[in-house]
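Chain by chain, the residues run as shown.
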Amino acid sequence: MPKTMYDKIWENHVVEDRGNGVALLYIDRHLVHEVTSPQAFEGLRQSGRTIHRPDSIIAVPDHNVPTKDRHLPNPDPMSTAQLKALSENVAEFGLDYIPMDDIRQGIVHVIGPEQGFTQPGVTLVCGDSHTSTHGAFGALAFGIGTSEVEHVMATQTLQLKKSKNMRVTVTGELPEGCSAKDVALAIIGAIGTGGGTAQVIEYAGPVIEGLSMEGRMTLCNMAIEAGARAGLVAPDEKTFEYLKGRPYAPKAGQWNSAVSFWEGLKTDEGAVFDREVVIDGSEIAPLVTWGTSPEDVVPITGTVPMVASFSDPAKRESAEKSLVYMGLREGQPMTEVPVDRVFIGSCTNSRIEDIRAAAAVIKGRKVSSRVIEALVVPGSGLVKEQAEAEGLDKILIEAGFLWREPGCSMCLAMNPDKAGKGEHVASTSNRNFVSRQGPGARTHLVSPAMAAAAAIAGHFVDVRKF
Ligand SMILES: CC(C)[C@H](C(=O)O)[C@@H](O)C(=O)O
Ligand code: SF4
C-alpha cells in the first residue's frame, strides 16, 4: 500500500505497537533549552536515573538570554536561575552544550538545522511547541512537555498516538512581495487555528518546492499555530545542499547512503491522506493579523473585519474582545494601523534570508520617528556573523534599527525585550496572543519585508508599493 512520508517515519521508529494507533516510538534527537528542562533534570536526579543516550542531545539557552549587555549581570533572577541550572545540568549529565558566549548560540529551532543536527527521517523532540520547525527537513519533529522531556532523556522513547495524515498543497506561483510567512499565515487563515488538530500536515506543491530551506522552516514553524502535531516537507536537493558539510551532518563516507535513504522518504504516488486542502498560491497577498489569534489575518489591502461578518457566535464574541484589546475599529483600513515598535526575529523569521529581506526594504531609508524602537534579533550567532559579513547590520543600524545578540527576545518577552501597554508591534514572530510581547502589547504578525516597511512608514503599508 502506498504510504505517506509521515507513515514511513512513524513505522521506522515503532519500538512496540500498543494497539489502537498507539505505539512506543524511538526518539532519535532531542534539543534542550533552559525553560522546560530544569524539572526534567531534577526528576532524573531524584529517581537516580541517567540519560540513556547523551549523544542524542544538544542544549542551548535561548528564551531568557538578554540580547544586549551580556557581560552585565542578568537583571531577572528567574532567568538567571534557569540559565545557571542549564549550564550545571549539562555539565553533570555530560551533554553537548552551546553556551551563551559561543558563536553558535541561538534559538533552538535555528541552531538545530544550522548545526546539521536536524536531518530527514529522524524523530526529533524538544520541550517547545515550535519544534515543528524541523519538519522542513522531513524530520518528524514535535514539541513535548517537561515530564516527556524527562522520559525521553531516560528511555529514548515516547508513547504516542498516531496522528492523521493531512496534506496542504499550495499551487501556482507566489506573487512578488510575498514570502513563506505569508504562505504560513494564509494557510492558518484558511483552515483556522484548529484546522490541523490531531493531524500531521505535509506541505506540498510548487510553491512549497520553490521555497528555500529557510522559507520551509518558517512554514513548518507555524504548523503548530494551525493546531497540527507536526509539519513536514519532503526532502529534496535543496535539503541535501543545505545539510552538506554541517557539523552534525553525515560525513563524506556516509553521505551518499544517507541521501539515498532520505530520497526514499517522500510520500508514495497514490498515498491517501485523511484530509486534503488546496490553496492557490498566486492569490496570496502580504498579510497582517488584526486580532489576538494567528488565524485573524487580512491582506494589507484589506480592512479590519466587521464583527457581524463571522457566522460563528463564539468567533463573533472573540473578535469583539480582540478589537477592544487591539484598539482597532471595524472597517479600518490596515494601512491606517499605526506601528509603535518593530520586532524582526524569532524562530519563525530570524534566519539570514529574513534579515536580507528586511535589509533590502530598509536600505537607504530611515525608521519613522513615531516608532519607539525597531529591533533586529538574529536567530543565532552564525546568522549574525553572516549578516555582518554581508554588511546588512550597517544598513539596519544606519536606518535606526537596533542590532542585537541572538535569542527569543521580544517574541515572548521572557527577557528584557518587551513592548509597552497599548503599543502596536509589527512582529515577525508566530503568536499574537494577549500580552505575548509584554503586558497589554498589541502584536501584528507579518513577514520580515512587511515589518521593515512598517518601521519606515510608521504604520502598516503594502511592501509591494513601497
Ligand atoms: C517557553 C516554551 C515552553 C514556549 C513553547 O513551548 O512554545 C515558547 O517557546 C513559546 O513560543 O511560547
Ligand atoms: S522564538 Fe518565540 S516561538 Fe520561538 S522558541 Fe523562542 S519564544 Fe518560542
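Reading the values: rules and limits
- Residues numbered from 1 in each chain as written.
- Chains lettered and ligands numbered in written order.
- Predicted model: local features only at pLDDT ≥ 70, side-chain atom pairs only at ≥ 80, totals over all residues.
- UniProt positions renumbered as here; feature names shortened; annotations may be inferred.
- Helix = DSSP H or I, 4+ residues; strand = E, 2+ residues; numbered from the N terminus.
- Rg over C-alpha atoms; globule rule 2.2 N^0.38 Å.
- Buried ≥ 20, exposed ≤ 12 C-beta atoms within 10 Å, placed from the backbone.
- Pairing = 2+ DSSP bridges.
- Axes fitted to C-alpha atoms, helices over the stretch in contact; angles between N-to-C directions.
- Contact = placed C-beta atoms within 7 Å.
- Parallel < 35°, antiparallel > 145°, perpendicular 65-115°, else oblique.
- Left-handed = near helix turned anticlockwise from the far one by under 90°.
- Domains from an automatic or database assignment.
- Nonpolar A, V, L, I, M, F, W, Y, C, P; charged D, E, K, R; others polar.
- Near = placed C-beta within 6 Å.

If you check an unreviewed UniProt entry, the protein chain appears there as 3-isopropylmalate dehydratase large subunit from Kordiimonas pumila. The record in UniProt for the protein chain states the following under Function (unreviewed entry): "Catalyzes the isomerization between 2-isopropylmalate and 3-isopropylmalate, via the formation of 2-isopropylmaleate."

## Digging into the overall build of the protein chain
The helix and strand tally for the protein chain stands at 15 helices and 19 strands. Scaling as 2.2 N^0.38, a compact globule of 466 residues should have a C-alpha radius of gyration of about 23 Å, and the protein chain matches this with 21 Å. Reported as C-alpha extents along the three principal axes, the dimensions of the protein chain are approximately 55 × 55 × 45 Å. Evaluated residue by residue, the protein chain yields a buried proportion of 54% over its 466 residues.

## Section: the sheet that holds strand 10 (residues 199–204)
Spatial ordering of the open sheet is given by 11-10-9-12, a layout of four strands whose pairing is parallel. Because the sheet does not close on itself, it has two edges, and the strands there are strand 11 (230–233) and strand 12 (275–280). Taking each pair of neighbouring strands and ignoring which way they run, the sheet shows an average axis angle of 20°. Both strand 10 and strand 11 contribute to a ladder of four bridges, which runs parallel. Each residue of the ladder has a partner; that of Glu202, found in strand 11, is Leu232. Of the strands in this sheet, strand 9 (164–171) and strand 12 touch helix 6 (residues 180–191), which is tilted by about 125° from strand 12.

## A closer look at the packing of helix 12 (residues 352–362) against helix 14 (residues 392–399)
At their nearest, the axes of helix 12 and helix 14 sit 9 Å apart, and the two run at 45° to each other. Classed by the angle they form, the pair helix 12 and helix 14 counts as oblique. The way helix 12 lies across helix 14 gives a crossing that is left-handed. Note on element contacts: helix 14 touches helix 12 through Leu392, Ile395, Leu396 and Ala399, opposite Ile355, Arg356, Ala359 and Ile362.

## What about the pairing of strand 1 (residues 14–17)?
Note that strand 1 and strand 2 (residues 22–26) share three bridges and pair antiparallel. Note on strand 2: the bridge partner recorded for Asp17 is Ala23. Hairpin geometry of strand 1 and strand 2 is characterised by an intervening segment of four residues between the two adjacent antiparallel strands and by a positive phi of about 80° at Gly19.

## Things to note about the domain arrangement of the protein chain
In terms of domains, the protein chain is made up of domain 1 (5–275) and domain 2 (286–465). Contacts between the two partners involve 42 residues from domain 1, matched on the other side by 40 residues from domain 2. Within the residue set of the side of domain 1 that touches domain 2, elements represented by two or more residues are helix 4 (108–114), helix 6 and helix 8 (213–221). Here the side of domain 1 that touches domain 2 gets six residues from one element, more than from any other, and that element is helix 6. Of the residues contributing to the side of domain 1 that touches domain 2, the split by class is 13 nonpolar, 18 polar and eleven charged.

## Some details on unusual backbone geometry
A positive phi angle, near 50°, is found at Asp69, a position not held by glycine. Looking at the element boundaries, Asp69 is found in the loop between strand 4 (57–59) and helix 3 (77–93). Taking the number of C-beta atoms within 10 Å as the measure of exposure, Asp69 has 11 and is therefore exposed. Phi at Ala198 is positive, roughly 60°, even though this residue is not glycine.

## Section: the site of ligand 2
Ligand 2 sits among His63, Ile107, His109, Asp128, His130, Ser346, Cys347, Cys408, Cys411, Leu412, Ser429 and Asn430. Residue classes in the shell around ligand 2 are distributed as five nonpolar, six polar and one charged. Counting the residues that make up the shell around ligand 2, at least three belong to each of domain 1 (5–275) and domain 2 (286–465).

## A closer look at the sheet that holds strand 5 (residues 96–97)
Read from one edge of the open sheet, five strands run 5-4-3-6-7, paired in parallel fashion. The two strands at the open ends of the sheet, each matched to only one other strand, are strand 5 and strand 7 (140–143). Taken together, the two bridges between strand 4 and strand 5 define a ladder with parallel strand orientation. In the sheet register, Ile58 faces strand 5, and the bridge partner there is Asp96.

## Describing the environment of Gly135
Tracing the sequence through the fold places Gly135 in the loop between strand 6 (123–126) and strand 7. For the pair Gly135 and Val200, spaced 65 residues apart in sequence, the C-alpha to C-alpha distance is 9.9 Å.

## Here's the deal with helix 8
When you tally the buried positions in helix 8, you get nine out of nine residues, the bulk of the element. For helix 8, every residue scored as buried is listed here: Met213, Glu214, Gly215, Arg216, Met217, Thr218, Leu219, Cys220 and Asn221.

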